[in-house]
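The chain contents come next:
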Amino acid sequence: MKIRILRKDFSRNKIITATLFVFIMLAAMLVSGAAHIVVTLFGSIDSLFTRSHAPHYVQMHAGELNQADIDAFASSNELVKDHQTVSMLGINGAYIYLGDNELSEAGSIVENSFVMQNHAFDYLLDTDSSIVQMEDGEIGVPIYHMKQYDLELGDSVRIVKDDFSKEFTIAAFVRDVQMNPSIVTSKRFLVSDNDWTALRDHMGEIEYLIEFRLHDPDRVHEFEAMYQASGLPQKDTALTYSLYQLLNGITDGIAAAVIMLISLLLIAIAALCLRFTLTATIEEDYREIGVMKAIGISSRDIRSLYMVKYVLLAVLASLSGWLISRLLGHLFTQNIALYMGLAPASVWNHIVPALGALLVGSAVVLYCRFVLRRFGRISAVEALREGVLQTGERGRQAFRLSRSSLGNVNLFLGIKAVFSRFSMYGVLCFVFTLCAFLMIVPFNFLNTIQSPDFVSYMGAGRSDIRIDLQQGEEMEQRFNQIDGYLRQDADVTKYASFVTAAYQAENAEGTYENIKVELGDFSVFPLQYVNGTAPATEDEIALSTMNAEELGKSVGDTLTVLAGEQERTLTVTGVYQDVTNGGKTAKGLLPYAPDQILWYVVNLEVADGVSVPDKIEEYHAAFSAVKITDMDDYVSQTLGGLIDQLSLSVVLAYGLGIAISILITAMFFHMLIAKEGAQIAIMRSLGLTAADLRVQYITRAMLVLLIGVVLGTAAAVTLGQGLAGALIPGISSMRFIIHPLASFIVSPLLLVAAVTGTMLCVSMSMNKQKLTLTAQ
Amino acid sequence: MNVILEAKQLNKVYTTGTNTSQQVLRDVSLAIGEGEFVSVMGPSGSGKSTLLYSISGMDQITSGSIQFDGQDLAAMREEELAALRLTKMGFIFQQSNLLKNLNLLDNILLSAYVAKRESRKTINGRAQALMDRLGIASLADHDITQASGGQLQRVAICRALINNPSILFGDEPTGALNSKATGEVMDILANINRNGTTILLVTHDAKVAAKTERVIFMTDGMIAGEHKLGKYDSDADLKTRERELAVWLSSKGF
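Residues numbered from 1 in each chain as written. Chains lettered and ligands numbered in written order. Predicted model: local features only at pLDDT ≥ 70, side-chain atom pairs only at ≥ 80, totals over all residues.

Chemist: I would appreciate a short explanation of the overall build of chain A in the present structure.
Modeler: Scanning chain A from N- to C-terminus turns up 24 helices and 20 strands. Across the 776 residues in chain A, those meeting the buried criterion constitute 45%. Sequence separation of 24 or more characterises 83% of the internal contacts of chain A that already satisfy a separation of 6 or more. (Helix = DSSP H or I, 4+ residues; strand = E, 2+ residues; numbered from the N terminus. Buried ≥ 20, exposed ≤ 12 C-beta atoms within 10 Å, placed from the backbone. Contact = placed C-beta atoms within 7 Å.)

Chemist: Which parts of the structure should I look at to understand the overall build of chain B?
Modeler: Looking only at helices and strands, chain B features eight helices and ten strands. Expressed as a percentage of its 254 residues, the buried residues of chain B come to 48%. Across chain B, the fraction of contacts at a sequence separation of at least 24, relative to all contacts at a separation of at least 6, is 69%.

Chemist: What am I meant to see in the sheet that holds strand 2 (residues 21–33) of chain B here?
Modeler: One key point about sheets: their strands pair by backbone hydrogen bonds, in either a parallel or an antiparallel sense. All names here are of chain B. Taken in spatial order, the four strands of this open sheet run 2-1-4-5, and their pairing is antiparallel. With one partner strand each, in any of the chains shown, strand 2 and strand 5 (71–72) form the two edges of the open sheet. The sheet contact formed by strand 1 (residues 3–15) and strand 4 (residues 63–68) spans five bridges and is antiparallel. Across the sheet, residue Lys8 finds its bridge partner in strand 4, namely Ser65. (Pairing = 2+ DSSP bridges.)

Chemist: Teacher, can you tell me more about the nonpolar core here?
Modeler: Buried together is how nonpolar side chains tend to be arranged in soluble globular proteins. Residues Ile24, Ala27, Ala270 and Val431 of chain A are the most contacted members of the largest nonpolar core, which totals 293 residues. Ignoring sequence-local partners within four residues, the contact set of Val431 of chain A consists of Leu265, Ala268, Ile269, Leu272, Ile660 and Ile664 of chain A. (Core = buried A, V, L, I, M, F, W, Y, C linked by C-beta atoms within 7 Å.)

Chemist: Can you walk me through the pairing of strand 2 (residues 80–90) of chain A in this structure?
Modeler: Successive side chains on a regular strand alternate, one facing one side of the sheet and the next facing the other. All names here are of chain A. Here strand 2 pairs with strand 9 (residues 205–214) via ten bridges, running antiparallel. Bridge assignment links Ser87 to a residue of strand 9, and that residue is Tyr208. Where strand 2 lies against strand 4 (residues 111–115), two bridges are found, and the strand directions are antiparallel. What sits directly across from Gly90, in strand 4, is Ser113.

Chemist: Just checking my understanding: could you explain the interface of chain B and chain A for this structure?
Modeler: Size of an interface, as often reported, equals the accessible area lost when the parts are brought together. With 30 residues of chain B at the contact, the number on the chain A side is 25 residues. Considering every element that reaches the side of chain B that touches chain A, the biggest residue donor is helix 3 (residues 104–115) of chain B, with seven residues. Among the residues forming the side of chain B that touches chain A, the class breakdown is 14 nonpolar, nine polar and seven charged. (Nonpolar A, V, L, I, M, F, W, Y, C, P; charged D, E, K, R; others polar.)

Chemist: Teacher, can you tell me more about the sheet that holds strand 1 (residues 57–62) of chain A here?
Modeler: Residues and elements named next belong to chain A. Strand order in this open sheet of ten strands is 3-6-7-5-8-4-2-9-1-10, and the pairing throughout is mixed. Edge strands, defined here as strands with exactly one partner in the open sheet, are strand 3 (96–98) and strand 10 (238–240). For this sheet the average axis-to-axis angle between neighbouring strands, irrespective of direction, equals 30°. Most of the contacts of helix 6 (residues 220–229) go to strand 1, to which it runs at about 30°, and overall it touches strand 1, strand 9 and strand 10. (Axes fitted to C-alpha atoms, helices over the stretch in contact; angles between N-to-C directions.)

Chemist: So what exactly am I meant to see when it comes to helix 23 (residues 740–763) of chain A here?
Modeler: An α-helical turn contains 3.6 residues, so any two residues separated by three or four positions project in the same direction. Residues and elements named next belong to chain A. Taking 1.5 Å as the rise per residue, helix 23 with 24 residues should run 34 Å; its terminal C-alpha atoms sit 33 Å apart, in good agreement. Approximately 30° is the largest bend angle found in helix 23, and it occurs at Val746, with the proline Pro748 only one to four residues beyond. Within the span of helix 23, buried status applies to Ser743, Ser747, Pro748, Leu751, Ala754, Val755, Thr758, Met759, Val762 and Ser763. (Expected span 1.5 Å × (residues − 1). Bend = angle between axes of the 7 residues up to and from the residue.)

Chemist: Any chance you could explain the pairing of strand 1 of chain A here in plain terms?
Modeler: All names here are of chain A. The buried count for strand 1 comes to six of six residues, which makes it a mostly enclosed element. Both faces of strand 1 are covered, namely the face carrying Tyr57, Gln59 and His61 and the face carrying Val58, Met60 and Ala62. Sheet analysis places strand 1 next to strand 9, joined by six bridges and oriented antiparallel. Opposite Val58, over in strand 9, you have Glu211 as the bridge partner.

Chemist: Honestly, the UniProt feature "transmembrane region" (unreviewed entry) in chain A in this entry has me stumped. Any pointers?
Modeler: As annotated in UniProt, the feature "transmembrane region" (unreviewed entry) corresponds to residues 20–42, 254–278, 310–331, 351–372, 422–446, 651–674, 703–724 and 736–762 of chain A in the numbering used here. A helix fraction of 95% and a strand fraction of 0% characterise residues 351–372 of chain A, whose end C-alpha atoms lie 31 Å from each other. (UniProt positions renumbered as here; feature names shortened; annotations may be inferred.)

Chemist: What is the right way to look at the confidence of the model for chain B in this model?
Modeler: Residue and element names in this part refer to chain B. The predicted model of chain B has a mean per-residue pLDDT of 89, with 99% of residues at 70 or higher. When mean pLDDT is taken per element in chain B, strand 3 (residues 37–41) scores highest with 95 and helix 6 (residues 179–194) scores lowest with 86. Model confidence for the complex is summarised by a pTM of 0.70, with the ipTM given as 0.89. (pLDDT = per-residue confidence, 0-100.)

Chemist: I keep staring at the packing of helix 3 of chain B against helix 4 (residues 120–133) of chain B and nothing clicks. Help me out?
Modeler: The relative placement of two packed helices is expressed as an angle between their axes plus a distance between the axes. All names here are of chain B. For the pair helix 3 and helix 4, interaxial distance at closest approach is 10 Å and the crossing angle is 135°. Judged on the interaxial angle alone, helix 4 and helix 3 are oblique. When the axes of helix 3 and helix 4 are compared, the crossing they make is right-handed. Residues Leu105, Ile108, Leu109, Ala112 and Tyr113 of helix 3 lie in contact with helix 4, whose contacting residues are Arg120, Ile123, Ala127 and Leu130. (Parallel < 35°, antiparallel > 145°, perpendicular 65-115°, else oblique. Left-handed = near helix turned anticlockwise from the far one by under 90°.)

Chemist: So what exactly am I meant to see when it comes to the packing of helix 9 (residues 299–327) of chain A against helix 12 (residues 347–371) of chain A here?
Modeler: Residues and elements named next belong to chain A. Here helix 9 crosses helix 12 at 160°, and the two axes come no closer than 9 Å. Put simply, helix 9 runs roughly antiparallel to helix 12. Relative to helix 12, helix 9 is oriented so that their crossing is right-handed. Note on element contacts: helix 12 touches helix 9 through Pro353, Ala354, Ala357, Leu358, Val360, Gly361, Val364, Val365, Cys368 and Arg369, opposite Met307, Tyr310, Val311, Ala314, Val315, Ser318, Gly321, Trp322 and Ser325. Across the contact of helix 9 with helix 12, the residue classes tally to 14 nonpolar, four polar and one charged.

Chemist: Could you clarify how one ought to interpret unusual backbone geometry in this entry?
Modeler: The phi torsion of most residues other than glycine is negative, and most of the peptide bonds are trans. Residue and element names in this part refer to chain B. The residue Asp27 is not glycine, and still its phi comes out positive at about 45°. Positionally, Asp27 belongs in strand 2. Positive phi is not limited to glycine here, since Asn97 has a value of about 50°. Residue position: Asn97 is located in the loop between strand 6 (89–92) and helix 3.

Chemist: Which parts of the structure should I look at to understand the environment of Ile269 of chain A?
Modeler: All names here are of chain A. Residue position: Ile269 is located in helix 7 (residues 241–284). When the 26 C-beta atoms within 10 Å are taken as the criterion, Ile269 is described as buried. Once the C-alpha coordinates of Ile269 and Ile24 are considered, the two residues, 245 residues apart in sequence, prove to be 9.2 Å apart. Every residue in contact with Ile269, bar those within four places of it in the chain, is listed here: Phe23, Val431, Ile660 and Ile664.

Chemist: Any chance you could explain the environment of Ser182 of chain A here in plain terms?
Modeler: Residue and element names in this part refer to chain A. Along the chain, Ser182 turns up in the loop between strand 7 (164–174) and strand 8 (186–191). Taking the C-beta count within 10 Å as the criterion, Ser182 has 24 such neighbours and is therefore assigned buried. Taking C-alpha positions, Ser182 is 9.6 Å from Val110, a pair spaced 72 residues apart along the chain.

Chemist: Hey, could you run me through the environment of Ile139 of chain A in this one?
Modeler: Residue and element names in this part refer to chain A. Here Ile139 shows up in strand 5 (residues 138–142). Overall, Ile139 belongs to the buried group, with 24 C-beta atoms counted inside 10 Å. Among all residues touching Ile139, those that are not within four sequence positions of it are Met134, Val157, Phe168, Thr169, Ile170, Ala171, Phe189, Leu190 and Val191.

Put into structure tokens, the structure is as follows:
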């Protein structure tokens, strides 16, 4: 009996069964793939951290230091297992030429440093995850640059400054546990000890990484407090083990989440098909089901007869999906393999992806059981007497043709059909909502981070040019020179200079921690605040959202800051968003001593008609060792990796959104038109043309699409906005900079065009339909 | 009497496989006069329904010609045929074939609203009058699940008449009804015919055919003969008509 039903079902629903199989298989493949990414990611991060002997606490420091003090602190601290101080030679991008590039790295926001291989821990690894040593004339280039410029082993890297020139051959691409991710803007190049010394003699600024490995990495926050209270060098950011883990995992973690989202969409589509085929099967076999019930077969047994096919389908499709994901496994983990290397596969690498596929299969079976619960409600007597299942349609009384003011009957019938059976159209609507969401969120996200206004999320107001002056000899003098030059420059309509200085602030635990405070006149290029306003007096301070969260402060609270020896109580006047400097910055008008200065930034605006690129060139010639950036490029340079990934995601999302819309529309209406064949024939016998019916079905599709697009767009600008903001540390509340034309017109129009085109093709089948009606 | 519908040398062949075909109509010719009430009888598979659907333009013929109201149906495009069905023809089927998601009144109104020949107010008034005449006015707001088979068939008749068609086609319109409801529906059709509407219906029930003016008998896709009963006026002469028809049908081997 089961085999007979199975054979009958397969033969009458060949296309639908095949489509269902493909959807379940793809969903299982993607869930399995995403699970594979997650397990691999954990393994790879773990392996990278183990092989490179990652530091647990790193204090960056620019300026003088006394190694003996650090050694004394480390040896007296029982938490410390090992420590070292790494000298990073920061070389201005203007002196670095990668591969065949004729242009230097002057325009890049990446801060390039040159280091020697460490001897104790924090090793730079090659692509085989081995500790790599450079010979003289060789260089190890970060993987980020390799990807960026398609560099190959044997290519050259030139360092040129004035009369000094040095050419290196790329001998390795290095994995760097601290600076691997594209979101980290500092990168380390590996050179031999001799070459490093030669470079240092001619250029660059030294920045130190004071690194510690602890006996127990879980006590890193305890150690952090100890270090910060020690008075040891701390003129820059401090970073911990957990932050490195987070930064290394974020890109692929997001990829896994996106893949999961896509598989969710596929499962929704599969659910839609399932519901349709099952409902149609029940309607077709209504009388037979009645007979089975009448002779005493229980609902459970009848259900199991029909379940066989779907259990079989779910098992085979999930198994195939899992097998394909095993075969394509390397594609899912390509990025991880490149940046971190693959760890030896553990048992979890096999179990978790298989569980993912099993989950998809189980979800399909459970959904079938849910839909087939209708068997319990079928009355044997009614089934035998009526022979036809009366589907419950709501809203029949709510929408009456006789009371409708809508002139076009076909539009009315289309609208009525949707509202009468919204539970059926709801799944279609949900898929359209997801498609709109899928298309709009990445686009708006990309548009937002590509917009020059995104600078407000980087803790700065909008200007034309930004000049960064980092640590170096006679920094203050060089700053004064810039200041004087700009003052005389008639092309500059306004400018504001800011100095960032190091202070200590009392945190929620009552201990002091380092805080970088930008000082200057914030009214020239005003910043958008999440809460409150910019500080206006010496007793006021504004905090980045991350700092405000960590210090447990909000607008109106007071914050105790150590400025030199003096303790000052400042009122928090505002909270702003900032993705730079690890998201932890502050703004104030505090006094500062020269040894507190970390760096200078000058923002300026040029008069209308003045060419920004020309001006940048002029300043490059006039000022030495500065980074000058066109603000339009600043954001894209800072978030370059993310922008590249997002650009690809936008194309994929649009393609996927439209493809899914076409597919789901075609399937849904193909099945619906077949199911409503009798009703269509009645209308045609009454004199309605195929064109009339086409209008009815297109109206249904458009109405559902419209609701879906409205919901999807609303979700995109609310949920999507929050989701996108959460992806970037330092942003508490992202407000999408919406491209109205693309978001509200082009995207919906693309969907409308895709759905209309599909509907026209699908509804062609109505032309061939016979009009002769002998029985309903 | 003017001829409203005339078919000449109709042939209809169904091709069921690559080499299998079945001829359902063979050189059928007939003429229906304006205001006539004609029934087509015959055994199952004789081609009655095919003839009805062919001469009403719902199904395509293989060869022959059909003239309706001076127009050649075979030469008309699908849209023109649809317009003809909408405005000049009415159909009643064995099942009521009402639209499931419309209530009874809306089912009646639909084709008139699509035709847009009159104001909705006028159409609503006529629908109301039709429902009154057929005794289903109180069911206007009911769903199709809330009415009996006989009531649904009356709704189907109202729907067929809403655009004041020149001709009404019925394919076993009483086939699914009990004898009481059959009698009522046939009385309604006879009344409609008396008011000038031409009716052509297919039936296998001699009692139904006895209320029509002329009976055409088909067998093996051909017209085997026809018998004129004259206009049906009252139940008084029904028995006589039924007997007369029975004799004639038995002469045809039915």
